[in-house]
Amino acid sequence: MVYDFKEIEKKWQGIWEKENIFHVQPDQNKKKYYLLEMFPYPSGKIHMGHVRNYTIGDVAARFKMLQGYMVLHPMGFDAFGQPAENAAIKNNTKPDIWTHKCIDWMKIELKKMGFSYDWQREVSTCDASYYKWNQWIFLKMFEKGLAYKKASSVNWCPSCQTTLANEEVIEDGCWRCHTKVEQKELEQWYLKITDYKEKLLEDLQQLNNWPQRVLAMQSNWIGKSQGVQIYFRLQGQDKIIPVFTTRVDTIFGATYIVLAPEHPLVKEIIKGKPQEKEVLNFIDKVSRESKIKRSSSDVKKEGVFSGCFAVNPVNNEEVPIWVADYVLMEYGTGAIMAVPTHDQRDFLFAKEHGLSLRVVIQSPVYPEQSRGVATMQSSDELKEAYEGDGIQINSAQFNGLSNQEAKIKIAEWMEKTGIGKIETHWRLRDWLISRQRYWGTPIPMIYCKKCGIVPVSYENLPVELPQDAPFTGEGGSPLGKVKEFVEVVCPKCKENARRETDTMATFFDSSWYFLRFCSPSNQDSCFDVQEAKYWMPVDQYIGGIEHAILHLLYSRFFTKFFQDLGMINFPEPFDRLLTQGMVLKDGEVMSKSRGNIVDPDSIIKNYGADTLRLFILFAAPPETELEWDDRGIEGAFKFLNRVWRIQENLKEEVSPELIRILHKTIKKVTEDIQEFKFNTAIASLMELTNAIYQHGATKEVFNNLVLLLSPIVPHFCEELWQIQGSKQSICRAKWPEYDPAVLVEDKVVIVVQVNGKVRLKVEVPSDISQDSLREIILSDEKLAVWIQGKPIKNFVVVPRKLVNIVI
């Protein structure tokens, strides 16, 4: 019988769909398991990254089904976004037509892989039935004071003609098209994620099943800092320049302060100064740079002297005020104190511009230190800033203290004398969601000259996208050019008004889709509260590390908001998180530009989806990068054919040794799949297959092998299961359990040492008593040679492993 993968895979995909094998409903009598992979943008073709991500999830889903869980395993499409607009312009079509065409094609490809999705729960974020609830959520946030509009300098992509959140600027470029990002002053809509900063930080401690790397990235992005706000005074004036620092122990070493180019004080203090023109030109130059680039440690820092001075409140010393690109208005107060001797960034800047340096923390490696006296390290000796701990010097009454002790005492002294205040600052900023594009959720707000900003009423949702918007790729949002969309009546005064023409960032759509999957057809609410109570939180979430800050942080924010609304009773959306590695070829990430793409379709055509699944899982652990290898595909295909041939030579009886190997394999594969160690699980199944070829297998042993393989290569195993006489899908079978008693070996090998040196190995029954073991060992003629009749001082037994004789 030949393994005809093409016919087999087509056959079982049809059966699964016809019989709704993967469709589930809540069952209070069964344990639930919600497995979710991050849903894709519908580009039309799946790539190897998709294959890896979704295969990992599918194995876990099928495994839990076999263990008797009610498994929710949905799929949908993150369908809004700039690429669809660009494609529509390029192909002279409309974004919705293009997007739905891509979705249809992508579904065909996903089904070819045999993924166990409940397609009855499919959602697409571009459908009005979905984005209606985006608008509902926005209005709820507006009611609670969490959605607001303000003017600010924003990241602007000149290619996409839209704004970007800080998180969407990657290496100074747009996260979508990589065009260099500029700064632009605009009025934009924001979500007040900062209201949840404490919860977002504290609740990271609950996420015990998340990778430490992701937790660290989120913690750093939220960025809680304990420090002191110091009140520098503008020279000759009463005007205060507040400066926040976490290193108050270095305040006596501050030799200049730096203002952000956007700081409102800059233009005021330079007015009429000789440096005014130079500073204004510098501000203009910096306005075209992204904030990501400005804060990067790899880029040379630039700045200009303002012509003004400030007074350091701890010693009344006058220090120059500089304006520099590496200080951002969004962080802290938009002003920093610069201590070149103890901050490397300040050190490089000071060296570049000839600014003075003063050491105030003595490195412990310098000799002759004692409390109250510290050997001076000249600033001239410094080749780089000293950022470590040490002893305070040049710090007035705080000399001789350790800098950690000085941090506390200086902060208390400054607060007591009124020259500073102990404060907590955060790096997290409110989330900019406005986008100047068409293909997104319309923001449901109306502008009235009489009433101001007025929300659309809930009963008038959704505010739908117009079908006749012009697409040219130029001049901002196409929505502003559709008169019928823009011109409306004010809901309050009934006077003429206009709609908001910005749309929402697509990350809004993906911040709650996991809840919509619980009840995707619900027309009365964004999700059914009772169904969400049954299915949520997601037990296992799978996706790329690139979403560690953006999507995952926003999803946590939305979940906490829903909890505050009383719609859910849990604070976190995802219990376990797995971030899978990239798929490489020739050492680089697969991409069209590099010409190293491997098309999943071609592999499916030549070897079958199960072979591709097997290779993807066997080639590397899920968390690590996977290097594509054509020989690995060949090896996976050969292994499946080897398993296929076992059915031709089944026996009536089986050896006890094969039974022991089988139960050992059941134990190993169960534990490995539970921990997502698929490569080692497959290695164990290959060892079992080798043992079957050596010993021969009964139908029972073979069926167990097929069951163990079924989450990994489902079409293949469904066919073998049916050939062996089953009338039901293997998905309805029960996962095998191992018998601990069978794993106990009948005999064990005991190593015998004499005075710590191995002298003998004996095979004995595994349940032998210590007295019998002693008798057997001491009667051995070979051992007698080593003992030579000497008295035995000690006879130590390590059960089932070792005996050590001391003579």
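Note that this is a predicted model, so its numbers are computed, not measured.

Okay, the overall build of the chain next. In terms of helices and strands, the chain carries 27 helices and 32 strands. Here the chain holds 807 residues, and the buried ones make up 54% of them. Per element, the accessible surface of the chain, about 36300 Å² overall, is 48% carbon and sulfur. When the 100 positive and 106 negative side-chain charges of the chain are each reduced to one mean point, those points stand 0 Å apart.

Moving on, we come to the nonpolar core. Grouped together as the largest cluster of nonpolar side chains are 181 residues, with contacts concentrated most on Y34, F138, L191, W431, F558, F562 and L612. Element by element, the count of residues in this core is highest for helix α2 (residues 48-66), at 10 residues. Counting residues in each nonpolar core, the second largest holds 39 residues, with F252, A335, V339 and M414 among its members.

Next up on the list: the packing of helix α5 (residues 128-143) against helix α17 (residues 550-564). Where α5 meets α17, the axes come as close as 12 Å, and the angle between the chain directions of the two elements is 70°. As far as their axial angle goes, α17 and α5 are roughly perpendicular. Crossing angle aside, the handedness with which α5 passes α17 is left-handed. In contact with I137, K140 and M141 of α5, α17 contributes F557, F558, F561 and F562. Partitioned by chemical class, the residues of the contact of α5 with α17 number 6 nonpolar, no polar and 1 charged.

This part takes up the sheet that holds strand β31 (residues 794-798). A sheet is described by the order of its strands in space; here 4 strands give the open sequence β30-β29-β32-β31, paired in mixed fashion. Every other strand in the sheet has two partners, leaving β30 (757-765) and β31 as the edge strands with one partner each. Neighbour-to-neighbour, the strand axes of this sheet turn through a mean angle of 20°, independent of strand direction. Sheet topology note: the strand β29 (residues 747-754)/β30 ladder contains 8 bridges and is antiparallel. Bridge pairing in β30 links V748 to V764. Against the sheet, helix α26 (residues 770-778) engages β29, β30, β31 and β32 (802-806), with an angle of about 120° to β31.

Where empty space is left in the structure can be found by rolling a water-sized probe over the atoms. Taken as a whole, the second largest pocket encloses approximately 710 Å³ of empty space. In this structure, the second largest pocket is lined by 37 residues; those nearest its centre are S152, S153, V154, K291 and E330. At 5 residues, strand β3 (residues 147-157) tops the list of elements feeding residues into the lining of the second largest pocket. Taken together, the residues that form the lining of the second largest pocket break down as 16 nonpolar, 8 polar and 13 charged.

As a further point, take the pairing of strand β7 (residues 182-191). Every regular strand shows the same layout, with side chains that alternate between the two sheet faces. Sheet topology places β3 next to β7; 10 bridges connect them, and they run antiparallel. The residue of β7 that forms the bridge with K150 is Q188. Taken together, the 2 bridges between β7 and strand β17 (residues 431-432) define a ladder with antiparallel strand orientation. The residue bridging L191 from the neighbouring strand is W431, located in β17.

Residues of the chain with pLDDT of at least 70 account for 97%, and the chain-wide mean is 92. This model gives residues 367-376 a pLDDT under 50, and the stretch forms 20 contacts once residues within four places in sequence are excluded.

One turn of an α-helix holds 3.6 residues; hence residues three or four places apart share an orientation. For α2, which comprises 19 residues, the first-to-last C-alpha distance of 27 Å matches the rise-based estimate of 27 Å (1.5 Å per residue) to within 8%. In terms of burial, α2 is largely enclosed, as 18 of its 19 residues are buried.

Structurally, R435 is set in strand β18 (residues 434-435). Residue classification places R435 among the buried positions, given a relative accessible area of 1%. For R435, the side chain forms a polar contact with the main-chain oxygen of L432, separated by 3.4 Å.

In this section: unusual backbone geometry. A cis amide bond links L461 to the next residue, P462, at an omega of 5°. Locating P462 in the fold gives a position in the loop between β20 (452-455) and α13 (483-486). With an omega of 0°, the peptide bond running from M536 to P537 counts as cis. Topologically, P537 is positioned in the loop between α16 (529-535) and β24 (538-544). Even without a glycine there, the phi angle at N394 is positive, about 50°.

This brings us to the sheet that holds β17. Here we have 4 strands laid out as an open sheet, ordered β4-β3-β7-β17, and antiparallel in their pairing. At either margin of the open sheet sits one strand with a lone partner, and together these are β4 (162-164) and β17.

What follows concerns empty space enclosed by the protein. In the structure shown here, the tally under the stated rule is 2 cavities of 30 Å³ or more. For the largest cavity, the calculated volume is near 60 Å³. What lines the largest cavity is R62, M65, L66, S710, P711, P714, I730 and C731. For the lining of the largest cavity, the element with the highest residue contribution is α2, accounting for 3 residues.

Before going further, it helps to spend a moment on the state of the cysteines. Enumeration over the complete set of coordinates arrives at 0 disulfides. The closest cysteine sulfur to the non-disulfide-bonded C518 is located on C526, 11 Å from its own sulfur. No disulfide involves C717; its nearest neighbouring cysteine sulfur is the one of C731, lying 10 Å away.

Structurally, N460 is set in the loop between β20 and α13. For the pair N460 and K132, spaced 328 residues apart in sequence, the C-alpha to C-alpha distance is 9.7 Å. Polar side-chain contacts of N460 include one of 2.8 Å to the side chain of S457.

Put simply, helix α23 (residues 699-709) and helix α24 (residues 714-723) touch, their axes get as near as 9 Å, and they point 155° apart. In terms of orientation, α23 and α24 fall into the roughly antiparallel class. Judged by the twist between their axes, the crossing of α23 over α24 is left-handed. Residue-level contacts link F702, N703, V706, L707 and L709 of α23 to C717, L720 and W721 of α24. Among the residues making up the contact of α23 with α24, the classes are represented as 7 nonpolar, 1 polar and no charged.

Below, the discussion takes up the pattern of salt bridges. Overall, the coordinates contain 29 salt bridges when judged by the stated rule. Among the salt bridges present, the one from K107 reaches E122, with a minimum N-O distance of 2.8 Å. In this pair, K107 is assigned in helix α4 (residues 95-112) and E122 in the loop between α4 and α5, connecting sequence segments 15 residues apart. Residue classification places E122 among the partly exposed residues on the basis of a relative accessible area of 24%.

Let us now look at the packing of aromatic side chains. Within the structure shown, the criterion is met by 47 aromatic pairs. Where F252 meets F398, the ring centres are 6.2 Å apart and the plane angle is 50°; that geometry is what we call tilted. Highlighted residues: F252 in the loop between β9 (240-245) and β10 (256-259) and F398 in the loop between β15 (391-392) and α12 (403-417), separated in sequence by 146 residues. Considered together, F252 and F398 belong to a single accessibility category, that of buried residues. Centre to centre, the rings of F305 and F309 are 5.6 Å apart; their planes meet at 70°, and the pair counts as edge-to-face. A connected cluster of aromatic rings, assembled from ring pairs, spans Y196, W431, F507, F508, Y554, F557 and F558. The positively charged end of R62 is found above the aromatic ring belonging to W16, 4.6 Å away from the centroid. Taking NZ or CZ as reference, K150 lies 4.9 Å from the ring centre of Y190, over its face.

Cut-offs used in this document
Residues numbered from 1 in each chain as written. Predicted model: local features only at pLDDT ≥ 70, side-chain atom pairs only at ≥ 80, totals over all residues. Heavy atoms only, no water. Helix = DSSP H or I, 4+ residues; strand = E, 2+ residues; numbered from the N terminus. Buried < 20%, exposed > 50% of the residue type's maximum accessible area, 1.4 Å probe, protein only. Areas by Shrake-Rupley, 256 points an atom, 1.4 Å probe, with all protein chains shown as cover. Lys, Arg positive; Asp, Glu negative; His and termini not counted. Charge placed at Lys NZ, Arg CZ, Asp CG, Glu CD. Core = buried A, V, L, I, M, F, W, Y, C linked by side-chain atoms within 4.5 Å. Axes fitted to C-alpha atoms, helices over the stretch in contact; angles between N-to-C directions. Parallel < 35°, antiparallel > 145°, perpendicular 65-115°, else oblique. Left-handed = near helix turned anticlockwise from the far one by under 90°. Contact = heavy atoms within 4.5 Å. Nonpolar A, V, L, I, M, F, W, Y, C, P; charged D, E, K, R; others polar. Pairing = 2+ DSSP bridges. 1 Å grid on protein atoms, 1.4 Å probe; cavity = no way out; pocket = protein on both sides within 12 Å on 5 of 7 lines; lining within 4 Å. Points joined across faces, edges and corners; volume = space filled by probe spheres on them. pLDDT = per-residue confidence, 0-100. Expected span 1.5 Å × (residues − 1). Polar contact = N/O pair within 3.5 Å; in protein donor to acceptor, adjacent residues only side chain to side chain. Disulfide = S-S within 2.5 Å. Salt bridge = Lys/Arg side-chain N within 4 Å of Asp/Glu carboxyl O. Phe/Tyr/Trp six-rings, centres within 6.5 Å; stacked < 30°, edge-to-face > 60°. Lys NZ or Arg CZ within 6 Å of the ring centre and 35° of its normal.

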